[in-house]
Amino acid sequence: MRILIAEDDPVSRRLIQKTLERDGYEVVVVDNGRLALEKLCTSDGPRIALLDWVMPELDGPAVCRKVRENKQQSYVYIMLLTSKEAKEDVIAGLESGADDYLTKPFNPEEMKARLRAGLRILDLEDRLIEAREDMRFRATHDPLTSLWNRGVILELLERELIRSHRERASTAILLGDLDHFKQVNDTCGHLAGDEVLRETARRLLGSVRSYDFVGRYGGEEFLIVLSNCDPTFGPARAEEIRKAISQRPMLTAVGPLSITMSLGLLQSQEWGLRPAGVLLREVDAALYAAKEAGRDCVSVARPAQAIAEHVPPFRQPARQQS
Amino acid sequence: MPPHTKDGSNFIDFGELLTRVENDRELLVDLISVFKVELPKQLAALRQAVESADAQRVAVLAHTLKGMLSNLAAHQAAAEASRLEQLARAGEVSALPGVFSSFSTDATALLREVDSSLAEVRG
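Participant: Teacher, can you tell me more about the overall build of chain A here?
Facilitator: The secondary structure content of chain A amounts to eleven helices and twelve strands. The globule rule puts the C-alpha radius of gyration for 322 residues at 20 Å, and the 30 Å found for chain A is more than 25% above it. Taking the principal axes of its C-alpha atoms as reference, chain A extends roughly 85 × 50 × 30 Å. Of the roughly 15600 Å² that chain A leaves accessible, carbon and sulfur atoms contribute 52%. Of the side chains in chain A, 45 bear a positive and 50 a negative charge, and the two mean positions are spaced by 2 Å.

The structure is reproduced here in structure tokens:
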């Protein structure tokens, strides 16, 4: 654990430094408050600090206040070193945001024990952040495939459509559905079906750029949002994705399975600014057309076609036919 | 024989200092070396602040010296530095030269004698 010592007296500084190095700390030393603040406010700065109360440029309590104002960084556990013993001084120190204080001349064992209490607080904070991040991930991702879940991929689609319209760019929307997936579940079991879904997710992610979005839209349906995708290249990109699924069998516990995917493709620039729900209905119709055309192919939603042809009602993702 | 203050107590309580450095004699020698370089600089700055009746500066310098001396278990000198700090904070500028003079004498004697005491510690 890295620890910052801010102390203007070289004797005390050396004494604290050696004491803490012996205890296994990686010690960073500075001799004034301004430098202490600089070190503590860097993104990977020390998370535990021993600050002398009286220092040139900025005193310990002032450093505390400024560190606490910076809400972006991880919590810094701060202990003030002081030879001030009056109650009002101690109160002022703690009110400035310090977690603890130590009176000079200090006992090395007491200092180390108090710092261990600080480490426990930081450990607790780390675990809380980890739990929060885990909950955030669970709230936004599909638990089986770890792709964006339905709610998030729809939000991302809406955002991308607005952005691409504003920037006069085009977003490609791909709705893919695994062919005959019900048969996989029925004949090979749901565990094999889960393996197929996970492998599909891996292959889809491997086929798109880092700034594209892939989400699990429903049971075996996947929504892919390709940002800034030139309409000239949309069909080719969709073909690459289709082939990524079908080009080689998926290895499962029950053996290799040949899996294919049908896809509907829609390119936003050809449709103007329309609500995501409307475009989803169109791309769903294109997917339906791909199924009708024999599966394992891509069908493109065209505005003229959409107007001329009967548009089937928007289907829920848990489709019966696959 | 280790140097003594007017009341007979050791300038530096080496027993206490050894506890503070967790019996690391190398560190103790290191601290004394830093102290020998640092004290004259601090004393000179303090003298200048006292002579120019800069109470605020005297308070800051005396505070730093107090911390340094107390961490070295030089209690008598630390108490004198503390007295100087308190007077400066109270704005009693006229009292500063007298207290500084006494502190400076003891601190200089401490500096002069610290080597012989160190020899005893080294054994």
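Participant: What should I look at first to understand the interface of chain A and chain B in this one?
Facilitator: As a measure of interface size, the accessible area lost when the parts come together is often cited. Contacts between chain A and chain B engage 18 residues on the former and 19 residues on the latter. Carbon and sulfur atoms supply 59% of the area buried between chain A and chain B, which totals about 1900 Å² over both sides. Sorting the residues of chain A by area buried against chain B places Val11, Leu15 and Arg22 of chain A first, and these three jointly supply 30% of that buried surface. Where chain A packs against chain B, one counts four salt bridges. Between Arg22 of chain A and Glu22 of chain B there is a salt bridge, and its shortest N-O distance comes to 3.0 Å. Joining chain A to chain B, the criterion identifies nine residue pairs in polar contact (both at pLDDT 80 or more). At the level of elements, helix H1 (10-22) and helix H5 (108-140) of chain A are the ones that each hand at least two residues to the side of chain A that touches chain B. Residue composition of the side of chain A that touches chain B, grouped by class: seven nonpolar, three polar and eight charged.

Participant: Any chance you could explain the side chain of Ser227 of chain A here in plain terms?
Facilitator: Residue and element names in this part refer to chain A. Considering the arrangement of structural elements, one finds Ser227 in the loop between strand E8 (221-226) and helix H9 (234-246). A distance of 3.3 Å separates a polar atom in the side chain of Ser227 from the backbone oxygen of Tyr211. Discounting residues that sit within four places of it in the chain, Ser227 has contacts with Glu160, Arg163, Ser170, Arg209, Tyr211, Asp212 and Phe213.

Participant: I keep staring at the environment of Leu191 of chain A and nothing clicks. Help me out?
Facilitator: Considering the arrangement of structural elements, one finds Leu191 of chain A in helix H8 (residues 190-207). It is 9.3 Å that separates the C-alpha atoms of Leu191 of chain A and Val254 of chain A, two residues lying 63 residues apart in sequence.

Participant: For this particular structure, what's the right way to read the nonpolar core?
Facilitator: Counting residues in hydrophobic clusters, the biggest one holds 62 residues, and the most contacted among them are Leu20 of chain A together with Phe103 of chain B. It is helix H2 (residues 25-51) of chain B that provides the largest number of residues to this core, a total of twelve residues. Among all residues touching Phe103 of chain B, those that are not within four sequence positions of it are Leu43, Leu46, Leu65, Leu69, Ala77, Glu80, Ala81 and Leu84 of chain B. Counting residues in each nonpolar core, the second largest holds 26 residues, with Ala172, Ala201, Cys229 and Leu265 of chain A among its members.

Participant: Whenever I open this one, the side chain of Asp8 of chain A confuses me. Can you help?
Facilitator: When you line up the elements, Asp8 of chain A lands in the loop between strand E1 (2-6) and H1. Buried charge without a salt bridge: Asp8 of chain A, with Lys104 of chain A as the nearest opposite-charge side chain at an N-O distance of 5.7 Å. At a separation of 3.2 Å, a polar atom in the side chain of Asp8 of chain A contacts the side chain of Thr64 of chain B. Beyond its immediate sequence surroundings of up to four residues, Asp8 of chain A is in contact with Arg13, Asp31, Asp52, Val54 and Pro56 of chain A together with Thr64 of chain B.

Participant: What's the story with the packing of aromatic side chains in this structure? I'm lost.
Facilitator: Within a pair of aromatic rings, the relevant descriptors are the distance that separates the centres and the angle that separates the planes. Counted by the stated rule, this structure contains zero aromatic pairs over all chains. Just above the ring of Tyr217 of chain A sits the side chain of Arg150 of chain A; from NZ or CZ to the centre is 4.4 Å.

Participant: Whenever I open this one, the pairing of strand E6 (residues 172-178) of chain A confuses me. Can you help?
Facilitator: Across a regular strand the side chains alternate sides, sitting on one face of the sheet and then on the other. Residues and elements named next belong to chain A. The element E6 is extensively covered by neighbouring structure, given that seven of its seven residues are classed as buried. Side chains of E6 alternate between two faces, with Ala172, Leu174, Gly176 and Leu178 and Ile173, Leu175 and Asp177 buried alike. Relative to E8, E6 runs antiparallel, the two being bridged by six bridges. Opposite Ala172, over in E8, you have Leu226 as the bridge partner. Bridging between E6 and strand E11 (residues 261-267) involves seven bridges; their strand directions are antiparallel. The residue bridging Ala172 from the neighbouring strand is Gln267, located in E11.

Participant: Please clarify how the pattern of salt bridges should be interpreted in this entry.
Facilitator: Once the charged atoms of two side chains with opposite charge are near each other, the side chains can pair. Scanning all chains against the criterion turns up 36 salt bridges over all chains. Residue Arg14 of chain A pairs with Asp30 of chain B through a salt bridge whose shortest N-O separation is 2.7 Å. With Arg14 of chain A in helix H1 and Asp30 of chain B in helix H2, this residue pair bridges two chains. Owing to a relative accessible area of 22%, Asp30 of chain B belongs among the partly exposed residues under this scheme. Close ionic contact of Asp134 of chain A with Arg138 of chain A constitutes a salt bridge, the shortest N to O distance being 2.9 Å. Placement of both Asp134 of chain A and Arg138 of chain A in helix H5 is noted, with a separation of four residues, approximately one turn of the helix. When its relative accessible area of 36% is taken as the criterion, Asp134 of chain A is described as partly exposed. Residue Arg138 of chain A is classed as exposed on the basis of its relative accessible area of 61%.

Participant: What am I meant to see in the sheet that holds E11 of chain A here?
Facilitator: As a general point, the strands of a sheet are linked pairwise by backbone hydrogen bonds and lie either parallel or antiparallel. Residues and elements named next belong to chain A. The sheet built from five strands is open, its strands ordered E7-E8-E6-E11-E12 with mixed pairing. At either margin of the open sheet sits one strand with a lone partner, and together these are strand E7 (213-216) and strand E12 (298-300). This sheet shows a mean twist of 20° between the axes of neighbouring strands, independent of strand direction. Its contacts with the sheet put helix H6 (residues 150-166) on E6, E7 and E8, and the angle it makes with E7 is roughly 145°. Along the sheet, H8 contacts E6, E7, E8 and E11; its crossing angle with E8, the most-contacted strand, is approximately 10°.

Definitions and limits used
- Counting from 1, residues in each chain are numbered in the order their sequence is written.
- Written order decides the labels, with chains lettered from A and ligands numbered from 1.
- Local features in a predicted model are, by the rule used here, given only for residues with pLDDT of at least 70; side-chain atom pairs are given and counted only at 80 or more, and totals for whole chains, interfaces and linings are based on all residues.
- To get the side-chain values, all heavy atoms of the structure are used, and hydrogens and water are removed first.
- Helix numbers and strand numbers start at the N terminus; a helix is a DSSP run of H or I with at least 4 residues, a strand a run of E with at least 2.
- The globule rule is 2.2 Å times the number of residues to the power 0.38, and the radius of gyration it is compared with is taken over C-alpha atoms.
- Areas reported as accessible are Shrake-Rupley estimates using a 1.4 Å probe. Residue values count occlusion only from the protein chains shown.
- Residues scored as positive are Lys and Arg, those scored as negative are Asp and Glu, and His as well as the terminal groups of each chain are ignored.
- By convention, the charge on Lys lies at NZ, on Arg at CZ, on Asp at CG and on Glu at CD.
- Contacts between residues were defined by any pair of non-hydrogen atoms, one from each residue, lying within 4.5 Å.
- Once two parts are joined, some of their accessible surface, as seen by a 1.4 Å probe, is lost; buried area is that loss totalled over both.
- Put simply, a salt bridge is a Lys or Arg side-chain nitrogen that is within 4 Å of an Asp or Glu carboxyl oxygen.
- Nitrogen and oxygen atoms within 3.5 Å of one another constitute a polar contact, given that in protein one can donate a hydrogen and the other can accept it, and given that sequence-neighbouring residues count only through two side-chain atoms.
- Ten residue types, Ala, Val, Leu, Ile, Met, Phe, Trp, Tyr, Cys and Pro, are classed as nonpolar, four, Asp, Glu, Lys and Arg, as charged, and the remainder, Gly among them, as polar.
- Among buried residues, the Ala, Val, Leu, Ile, Met, Phe, Trp, Tyr and Cys ones that are joined through side-chain atoms within 4.5 Å form a nonpolar core.
- In this scheme, a residue with accessible area under 20% of its type's maximum is buried, one over 50% is exposed, and one in between is partly exposed, where area comes from a 1.4 Å probe on protein chains only.
- For Phe, Tyr and Trp, where Trp contributes only its six-membered ring, two rings pair if their centres lie within 6.5 Å, and the inter-plane angle classes them as stacked under 30 degrees, edge-to-face over 60, or tilted in between.
- Sitting over a ring, as applied to charges here, requires NZ of Lys or CZ of Arg to be within 6 Å of the ring centre and within 35 degrees of the ring normal.
- DSSP calls a pair of strands paired once it identifies at least 2 bridges connecting them.
- Under this scheme, a helix contributes an axis fitted over its contacting stretch, all axes are lines through C-alpha atoms, and angles between N-to-C directions fall in the 0 to 180 degree range.

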